[in-house]
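These are the residues of each chain, in order.
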Amino acid sequence: MIIAVDFDGTIVKHRYPAIGEEIPFAIDTLKMLQEERHRLILWTVREGKLLDEAVEWCLKRGLEFYAVNRDFPEEDATGEGFSRKLKADLFIDDRSFGGLPDWGVIYHRIKAGKAHDADWGRLSLFSDDVYQAPKKSFWDRVFGR
C-alpha cells in the first residue's frame with residue numbers, strides 16, 4: 001500500500017515552523033509499516049529549508065521516506081505537468097475529517113485491512129460484531145446529540 005503521511009500535527013506536535021515533539025509511537029509505527037513493505041511518502045506543506053529539516057529529523061530517527069511531496073523519488077517537481085496531488089492508497093493527516101487516531105489504532109487498522117473503513121471511532125479493530133454503535137437519527141448525528 002502507498003501511504004502518504006503528513007508531518008506537522010501527525011508525526012510531530014504542531015510547532016510550525018519549528019519541529020515539535022514526536023507524537024508518541026509515530027516513528028516506530030511508520031518504521032513497522034515500512035518493514036511490512038508499505039511505501040511511505042512524506043506529504044507536507046513544508047518547502048525548502050523547513051522541508052529539509054523535517055526530512056533530516058526523520059532520518060535521525062531511522063525513518064527514510066520513499067519519496068517527499070511527490071509520487072516517486074525521480075519525479076521532476078520543476079517540470080511541466082507536475083502536480084503535488086499524490087496518488088496514494090491512504091493519507092494519514094491530523095487534519096482529516098475526524099482527526100488523527102492513536103498511532104496504535106492506525107497500525108492495527110492497516111494491518112487488519114480496515115484502513116478504509118469509515119468508522120475509525122470503533123473500539124474493535126478486527127471484528128465488526130464486537131461493537132455496535134447505537135442508531136441515531138440523521139439530525140442527532142449532525143448536531144452531535
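In this text, all values refer to a predicted model and were calculated from it rather than measured experimentally. (Residues numbered from 1 in each chain as written. Predicted model: local features only at pLDDT ≥ 70, side-chain atom pairs only at ≥ 80, totals over all residues. Heavy atoms only, no water.)

S.K.: Describe the packing of helix α1 (residues 26–35) against helix α3 (residues 103–111), with residues and values.
M.R.: Taken N-terminus to C-terminus, the directions of α1 and α3 make an angle of 10°; their axes are 9 Å apart at the nearest point. The angle between the axes of α1 and α3 places the two elements in the roughly parallel class. Where α1 crosses over α3, the handedness of that crossing is right-handed. Contacts between α1 and α3 involve Ala26, Thr29, Leu30, Met32 and Leu33 on the former and, on the latter, Trp103, Tyr107 and Ile110. Here the residues of the contact of α1 with α3 sort into seven nonpolar, one polar and no charged. (Axes fitted to C-alpha atoms, helices over the stretch in contact; angles between N-to-C directions. Helix = DSSP H or I, 4+ residues; strand = E, 2+ residues; numbered from the N terminus. Parallel < 35°, antiparallel > 145°, perpendicular 65-115°, else oblique. Left-handed = near helix turned anticlockwise from the far one by under 90°. Contact = heavy atoms within 4.5 Å. Nonpolar A, V, L, I, M, F, W, Y, C, P; charged D, E, K, R; others polar.)

S.K.: An account of the pairing of strand β1 (residues 2–5) is needed here, citing residue identities and associated values.
M.R.: Two faces, one strand: in a regular strand the side chains alternate between the faces of the sheet. Strand direction decides the pairing type here: β1 and strand β2 (residues 39–42), joined by four bridges, are parallel. Of the residues in β2, the one forming a bridge with Ile3 is Leu40. Regarding the hand of the β-α-β motif, the stretch spanning β1, α1 and β2 is right-handed. (Pairing = 2+ DSSP bridges. Right-handed = clockwise from strand over helix to strand, strands pointing away.)

S.K.: Lay out the environment of Ile41 in plain terms, naming residues and giving numbers.
M.R.: Among the structural elements, Ile41 can be located in strand β2. The exposure class assigned to Ile41 is buried, which follows from its relative accessible area of 0%. Distance in space between the C-alpha atoms of Ile41 and Asp71 is 7.4 Å, their sequence separation being 30 residues. Residues contacting Ile41, with those up to four places away along its chain left out, are Ile2, Ile3, Ala4, Val5, Phe65, Tyr66, Ala67, Asn69, Arg70, Asp71 and Leu86. (Buried < 20%, exposed > 50% of the residue type's maximum accessible area, 1.4 Å probe, protein only.)

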